Amino acid sequence: MLAAARDLFQEIGYDETTIRMIAERAGVSVGSVFTTFSGKAEILSQVMEDRLDGLYAELDQLVPHLRGLAVDRLRSIMAVHYGFETRRLRLFVAYIGASYGWSPGEGVIPLGRNARLQTMLRDVLAGGIERGEIRPDADVQTFIDVLLASYVWNYRRASHEGAGAPDLIAQMDRQIGLLFDGVAAR
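The structure displayed is predicted, hence computed values, not measured ones.

K.L.:
I'd like a description of the overall build of the protein, backed by residues and values.
P.N.:
Per the secondary structure count, the protein includes eleven helices and zero strands. Listed by position from the N terminus, the elements making up the protein come as α-α-α-α-α-α-α-α-α-α-α. Overall, the C-alpha framework of the protein stretches about 60 × 30 × 30 Å when taken along its three principal axes. Relative to its 186 residues, the protein shows a buried fraction of 45%. Summarising the internal contacts of the protein: among those between residues at least 6 apart in sequence, 68% fall at separations of at least 24. As displayed, the protein offers around 9400 Å² of accessible surface, 53% of which is attributable to carbon and sulfur atoms. One way to put it: in the protein the 20 positive side-chain charges average out to a point 3 Å from where the 24 negative ones average out.

K.L.:
Hey, could you go over the nonpolar core for me, with residue numbers and the actual values?
P.N.:
Formed by 56 residues in total, the largest nonpolar core has its most connected members in Ile 43, Leu 74, Ile 77, Met 78, Leu 121, Leu 147 and Phe 180. The dominant element in this core, judged by the number of residues it contributes, is helix H6 (residues 70-85), at eight residues. When sequence neighbours within four positions are dropped, the list of residues in contact with Phe 180 reads Ala 70, Val 71, Leu 74, Leu 125, Ile 134 and Phe 143.

K.L.:
Hey, could you go over the packing of aromatic side chains for me, with residue numbers and the actual values?
P.N.:
This model, assessed by the stated rule, comprises eight aromatic pairs. Here the aromatic rings of Phe 9 and Tyr 14 are separated by 5.3 Å at their centres, their planes lie at 55°, and the arrangement is tilted. Grouping residues by exposure puts Phe 9 and Tyr 14 together as buried. Arranged with centres 5.3 Å apart and planes meeting at 85°, the rings of Phe 143 and Phe 180 form a pair that is edge-to-face. Here Phe 143, found in helix H9 (residues 140-153), pairs with Phe 180, found in helix H11 (residues 165-183); they are 37 residues apart in sequence, far enough to count as distant. Through pairs of rings, three or more aromatic residues link up here, namely Tyr 82, Phe 92, Tyr 95, Tyr 151 and Tyr 155. Directly above the aromatic system of Tyr 14 lies the positively charged group of Lys 40, at a separation of 4.5 Å from the ring centroid.

K.L.:
Any details on the packing of helix H1 (residues 2-12) against helix H7 (residues 89-99)? Residues and values, ideally.
P.N.:
Two numbers describe a pair of packed helices, the interaxial angle and the distance between the axes. At their nearest, the axes of H1 and H7 sit 7 Å apart, and the two run at 95° to each other. As judged from the angle between their axes, H1 and H7 are roughly perpendicular. Side by side, H1 and H7 meet where Arg 6, Phe 9, Gln 10, Glu 11 and Ile 12 of the first sit next to Leu 89, Arg 90 and Leu 91 of the second. Residues of the contact of H1 with H7, tallied by class, amount to four nonpolar, one polar and three charged.

K.L.:
Help me get a handle on H6, residues and values and all.
P.N.:
The end-to-end C-alpha distance of H6, which contains 16 residues, comes to 23 Å, matching closely the 22 Å that a straight helix rising 1.5 Å per residue would cover. For H6, the complete set of buried residues consists of Ala 70, Val 71, Arg 73, Leu 74, Ile 77, Met 78, Val 80, His 81, Tyr 82, Phe 84 and Glu 85. The inward-facing, buried residues of H6 contact helix H5 (52-62), H7, helix H8 (115-130), H9, helix H10 (155-161) and H11.

K.L.:
Tell me what's going on with the confidence of the model for the protein, and back it up with residues and numbers.
P.N.:
Caution applies to low-pLDDT parts of the model: their predicted coordinates are not meant to be read in detail. In the predicted model, the protein carries a mean pLDDT of 90, and the fraction of residues at 70 or more is 96%. Element-level mean pLDDT values for the protein span from 85 in H7 up to 96 in H11.

K.L.:
How would you sum up the environment of Gly 182? Please name residues and give values.
P.N.:
Relative to the elements of secondary structure, Gly 182 occurs in helix H11. In sequence terms Gly 182 and Asp 139 are 43 residues apart; their C-alpha atoms lie 10.0 Å from each other.

K.L.:
Account for the packing of helix H4 (residues 40-50) against H7, with residues named and values stated.
P.N.:
Relative orientation of the contacting elements H4 and H7 amounts to 130°, with a least axis distance of 11 Å. In terms of orientation, H4 and H7 fall into the oblique class. As H4 runs across H7, the sense of the crossing is left-handed. Residue-level inspection shows Leu 44, Val 47 and Met 48 of H4 in contact with H7, the latter providing Leu 91, Phe 92, Ala 94, Tyr 95 and Ala 98. For the contact of H4 with H7, the residue count by class is eight nonpolar, no polar and no charged.

What counts and what doesn't
- Residues numbered from 1 in each chain as written.
- Predicted model: local features only at pLDDT ≥ 70, side-chain atom pairs only at ≥ 80, totals over all residues.
- Heavy atoms only, no water.
- Helix = DSSP H or I, 4+ residues; strand = E, 2+ residues; numbered from the N terminus.
- Buried < 20%, exposed > 50% of the residue type's maximum accessible area, 1.4 Å probe, protein only.
- Contact = heavy atoms within 4.5 Å.
- Areas by Shrake-Rupley, 256 points an atom, 1.4 Å probe, with all protein chains shown as cover.
- Lys, Arg positive; Asp, Glu negative; His and termini not counted.
- Charge placed at Lys NZ, Arg CZ, Asp CG, Glu CD.
- Core = buried A, V, L, I, M, F, W, Y, C linked by side-chain atoms within 4.5 Å.
- Phe/Tyr/Trp six-rings, centres within 6.5 Å; stacked < 30°, edge-to-face > 60°.
- Lys NZ or Arg CZ within 6 Å of the ring centre and 35° of its normal.
- Axes fitted to C-alpha atoms, helices over the stretch in contact; angles between N-to-C directions.
- Parallel < 35°, antiparallel > 145°, perpendicular 65-115°, else oblique.
- Nonpolar A, V, L, I, M, F, W, Y, C, P; charged D, E, K, R; others polar.
- Expected span 1.5 Å × (residues − 1).
- pLDDT = per-residue confidence, 0-100.
- Left-handed = near helix turned anticlockwise from the far one by under 90°.

As structure tokens, this is what we get:
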């Protein structure tokens, strides 16, 4: 059922996809869909959660080998994210758009609440503080919040301008550089 939903969200979009279409594609009844999920938002949330295994398999291979400054490590992590998400761009943009309409308690995972990514970014920044690259009084959580807001904001370029992963990565590299100017050790 989730594979059917994922494919429909990617092919025709989240708004255009109906529960009936998901059920037909999956070869189940509409009632079966509602036995498992409360609605389309919960299905999209689960689709997005399930695909994270692939993303973190890529990151788990990369992160232990990252060298250099914290700013460069963050750039590498975010580049992997853009490379991964742009493979199914329409699906990720649908998730971004739908997440702004979700109410708490609908069985959905809010955008930006990925604990694994937050921990990964926090660890990179903590390493930068330990190595003296980042001021010890830097507000790490605010840095992460602004970084992730920039990350999501950049998808408007992919959606409206046709920007691909290289364009988004270049944009994020510039944004990370600006953010680091605010926390760099003096």
